[in-house]
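Results of the structural survey
Each chain is listed here by its residues.
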Amino acid sequence: MMWRNIARFSKTAAAAGRTGGSRRCLSTAIPGPCIVHKRGSDILHDPWFNKVIHTRFDTGFPLTERDRLGLRGLLPPRIISFEQQYDRFIESFRSLERNTLGQPDNVVSLAKWRILNRLHDRNETLYYRVLIDNIKDFAPIIYTPTVGLVCQNYSGLYRRPRGMYFSAKDKGEMMSMIYNWPAHQVDMIVITDGSRILGLGDLGVQGIGIPIGKLDMYVAAAGINPQRVLPIMLDVGTNNQKLLQNPLYLGLRQPRLEGDEYLGIIDEFMEAAFTRWPKAVVQFEDFQAKWAFETLDRYRKKFCMFNDDVQGTAGVALAGLLGTVRAQGRPLSDFVNQKIVVVGAGSAGLGVTKTAAQAVARMAGISFAEATKNFYLIDKDGLVTTERSKLDPAVVPFAKNPAEIREGASIVEVVKTVRPHVLLGLSGVGGIFNEEVLKAMRESDSCKPAIFAMSNPTLNAECTAADAFKHAGENIVFGSGSPFENVQLENGNVGHVNQANNMYLFPGIGLGTLLSGARIVTDGMLLAAAECLASYMTDEEVQKGILYPSINNIRHITAEVGAAVLRAAVSDDIVEGHGDVGPRDLSHMSKEETVDYITRNMWFPIYSPLVHEK
Ligand SMILES: NC(=O)c1ccc[n+]([C@@H]2O[C@H](COP(=O)([O-])OP(=O)(O)OC[C@H]3O[C@@H](n4cnc5c(N)ncnc54)[C@H](O)[C@@H]3O)[C@@H](O)[C@H]2O)c1
Ligand SMILES: O=C(O)C[C@H](O)C(=O)O
Ligand SMILES: [Mg+2]
């Protein structure tokens, strides 16, 4: 049963195999050799080359390889295949599930994270293979929601260093420090300063779990070679008093740097990273809103970077919003008439609202100011109106006339007055879409009201899926940032849960950018990614309330998104090519050829014969 899964993916491996000479350990149907500069026990301690499963000593090194690499005698004689190792790991995972039945959710989630992390530490090939083949089961462990718990308990969990740390104490040293990273080539960097980890707030240096989890998704979804990813923690201090007082806290014990001092640290890191790896793509992740916007503005024309919370989330939400129009059985052009209430005006909420209003402006051929008419923005002080003092300039276009609804109106007041088609939460406040709010959505002007509770992790979701269907009605469309089970409805139907998470876009944005060799990430590339996701589902699926593909198809959707991003980069005339594939080659590729090019460049985990070279 388990093995059938692998066989299916082996076909993908074959399809993804012919990638030219630029990568040494690429997957092929018959795997080519992998050059290794180590021998003997050094190989066994390197998770990239190691073929030993972590829970037992069963080893995948054949005898010839043991001879070649000086391993003979260092391992017990029995040899088992990759497939047997795979099955053994899954068996031990399932037995852990059985043994922890009935224990508290947090305990079970962390136990599952530990067993996967141990495999990650010991044998990357097997780790990524089980992750790819079982992405639906394992994404909630290595990514949202468990990754939040891991960050909260970070000091006691990580057994091996992973990623790089640049702290305020490293000022002036970063250009040389960056050369301490052992890999010669880096393709994808995910960086955080730990200031807004999911909806959990400032977790300081413990936020490193987020770049690690995002990069695991890059490997699983986009086939980025795991030897070429780099998680980064910029430690500029923390304002979390509990952490500052915790003797076990591993980060700098000082309040966060602000102003020019803060920017000086990030500037120095960016210069260092792009000096060593000029072709890398940098993803900013989980920065508090003011720095998310400021750094995006500061770097987006200068470096190849994007902010996932602002831009990735906006694209996924826009695809979801367009999907809700289709779910109502209305033409897409009706999007311009949808009334949308967004709760949360931070990096994600504002990014979504702005992008959706831009889409309305484009579709209706009206100005951005006119397009903001149907959007209502609510933050911690309630509805934003022009009466609000000290309005953030980015919020100004969305501020309502207080004569229409009062300044600071609550969510329920706004929902009752506006009767919106969509209620979308990016507030980080768990349960804020309470029974009263959800019941008010029954009076929506839409025949299929949409509720998006996009905050992470699960406890921070604005409502649960079950509550949404129970209180707002069985005809709603539902999306959440963290996974929930589908809901069995009283009318006999299934209430479908969509995971409205930026994981559907960031891997394709990163991969398409990388393989195009684009100098920067343009609005056109981001829009192409969102449009690709929006058109991915069939009308039939959308009518059932299924707005996004199953996570089991994440590699396929990522290839499509990556191709759309690449083609938009070609249209924007900013591509420099990748490896042997130049800008002219890219511009001559048809849509299908681009998808094929992207797919062939996805790394796939299989054991390669190791050949020693001095
Ligand atoms: N699903 C996804 O793909 C995705 C992507 C990005 C962010 N998120 C989630 O969105 C949440 C917010 O992220 P962010 O970066 O925008 O954070 P942020 O801190 O920048 O913004 C939070 C916003 O919520 C508002 N808010 C706080 N309490 C509120 C309340 N009681 N009522 C109404 N509004 C309130 C704040 O005023 C602020 O405008 C987090 O939980 C994050 O995990 C999800
Ligand atoms: O990390 C996620 O799951 C999505 C998003 O980037 C977030 O910050 O919540
Ligand atoms: Mg994020």
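So, how was this worked out
Residues numbered from 1 in each chain as written. Chains lettered and ligands numbered in written order. Predicted model: local features only at pLDDT ≥ 70, side-chain atom pairs only at ≥ 80, totals over all residues. Heavy atoms only, no water. Salt bridge = Lys/Arg side-chain N within 4 Å of Asp/Glu carboxyl O. Helix = DSSP H or I, 4+ residues; strand = E, 2+ residues; numbered from the N terminus. Buried < 20%, exposed > 50% of the residue type's maximum accessible area, 1.4 Å probe, protein only. Core = buried A, V, L, I, M, F, W, Y, C linked by side-chain atoms within 4.5 Å. Expected span 1.5 Å × (residues − 1). Contact = heavy atoms within 4.5 Å. Pairing = 2+ DSSP bridges. Axes fitted to C-alpha atoms, helices over the stretch in contact; angles between N-to-C directions. Donors = N, O, S within 2.8 Å, 3.2 Å for Na, K, Ca; no water. Patch = residues over 30% accessible without salt bridge, like charges linked within 9 Å, V, L, I, M, F, W, Y side chains within 5 Å. Areas by Shrake-Rupley, 256 points an atom, 1.4 Å probe, with all protein chains shown as cover. Lys, Arg positive; Asp, Glu negative; His and termini not counted. Charge placed at Lys NZ, Arg CZ, Asp CG, Glu CD. Disulfide = S-S within 2.5 Å. Phe/Tyr/Trp six-rings, centres within 6.5 Å; stacked < 30°, edge-to-face > 60°.

**Quick notes on the pattern of salt bridges**
The tally for this structure, following the rule as stated, stands at 34 salt bridges. For Arg228, the salt bridge goes to Asp187, with nearest N and O atoms at 3.7 Å. With Arg228 in the loop between α10 (209-222) and β4 (229-235) and Asp187 in the loop between α9 (174-177) and β3 (188-192), this residue pair connects regions lying 41 residues apart in the sequence. Comparing Arg228 with Asp187 shows no difference in burial state: the two are buried. Lys279 is paired through a salt bridge with Glu576; the nearest N and O atoms lie 3.6 Å apart. One end of the pair, Lys279, is in the loop between α12 (259-276) and β5 (281-284); the other, Glu576, is in the loop between α23 (554-571) and α24 (583-588), with 297 residues separating them in the sequence. A relative accessible area of 48% places Lys279 in the partly exposed class. Look at the salt bridges and you will find they share partners, linking Asp379, Lys380, Asp381, Arg388 and Glu407 into a network.

**Description of the nonpolar core**
Grouped together as the largest cluster of nonpolar side chains are 180 residues, with contacts concentrated most on Phe89, Ile189, Phe269, Met270, Phe335, Leu424 and Phe452. Tallying contributions element by element places α23 first for this core, with 10 residues. Of all hydrophobic cores here, the second largest spans 31 residues; its members include Ala440, Ala453, Ala465 and Ala468.

**Here we look at helix α5 (residues 105-122)**
In this model α5 runs 26 Å from its N-terminal to its C-terminal C-alpha over 18 residues, within 8% of the 26 Å that 1.5 Å per residue would give. Val108, Leu110, Ala111, Lys112, Trp113, Ile115, Leu116, Asn117, Leu119, His120 and Asp121 are the residues of α5 that are buried. Check the buried side of α5 and you find it contacts α4 (82-99), α6 (124-133), α7 (135-142), α8 (146-152) and α10.

**Details of the sheet that holds strand β15 (residues 497-499)**
What the seven strands build is an open sheet, ordered β9-β8-β7-β10-β11-β12-β15; its pairing is mixed. If you trace the sheet from one side to the other, it starts and ends with β9 (382-383) and β15, each paired once. Relative to strand β12 (residues 477-480), strand β11 (residues 450-453) is paired through four bridges, and the arrangement is parallel. From the neighbouring strand, Ile451 faces β12, where its bridge partner is Phe478. Sitting on the sheet, helix α15 (residues 347-364) is in contact with β7 (340-343), β8 (375-379) and β10 (422-425), with an inclination near 175° to β8.

**Observations regarding the coordination of the magnesium ion (ligand 3)**
For the magnesium ion (ligand 3), the protein coordination sphere consists of Glu285 (OE), Asp286 (OD) and Asp309 (OD), at 2.0 to 2.1 Å. Read N to C, the donor residues that coordinate the magnesium ion (ligand 3) are spaced as E-D-x22-D. For Glu285, a relative accessible area of 1% puts it in the buried group.

**Some words on a negative patch on the surface**
Taken together, Asp260, Glu261, Glu294 and Asp297 make up a surface patch of like negative charges. Sorting the residues of the negative patch by element identifies α12 and α13 (289-299) as the ones contributing at least two each. Summarising the element assignment, Glu261 is placed in helix α12. Residue classification places Glu261 among the exposed positions, given a relative accessible area of 54%.

**Focus on the state of the cysteines**
Throughout the structure, instances matching the rule amount to zero disulfides. You can see Cys532 has no disulfide; the closest cysteine sulfur is in Cys304, sitting 19 Å from it. A relative accessible area of 13% means that Cys532 is categorised as buried.

**A look at the packing of aromatic side chains**
Tallied over the entire structure, the rule returns 19 aromatic pairs. Each ring, one from Phe93 and one from Phe138, has its centre 4.7 Å from the other, and the planes form 65°; the classification is edge-to-face. Taken together, the residues span a long stretch of sequence, with Phe93 in helix α4 and Phe138 in helix α7 at a distance of 45 residues. On the basis of relative accessible area, Phe93 is assigned to the buried category, the value being 1%.

Don't take any of this as a statement about function, it's just geometry.
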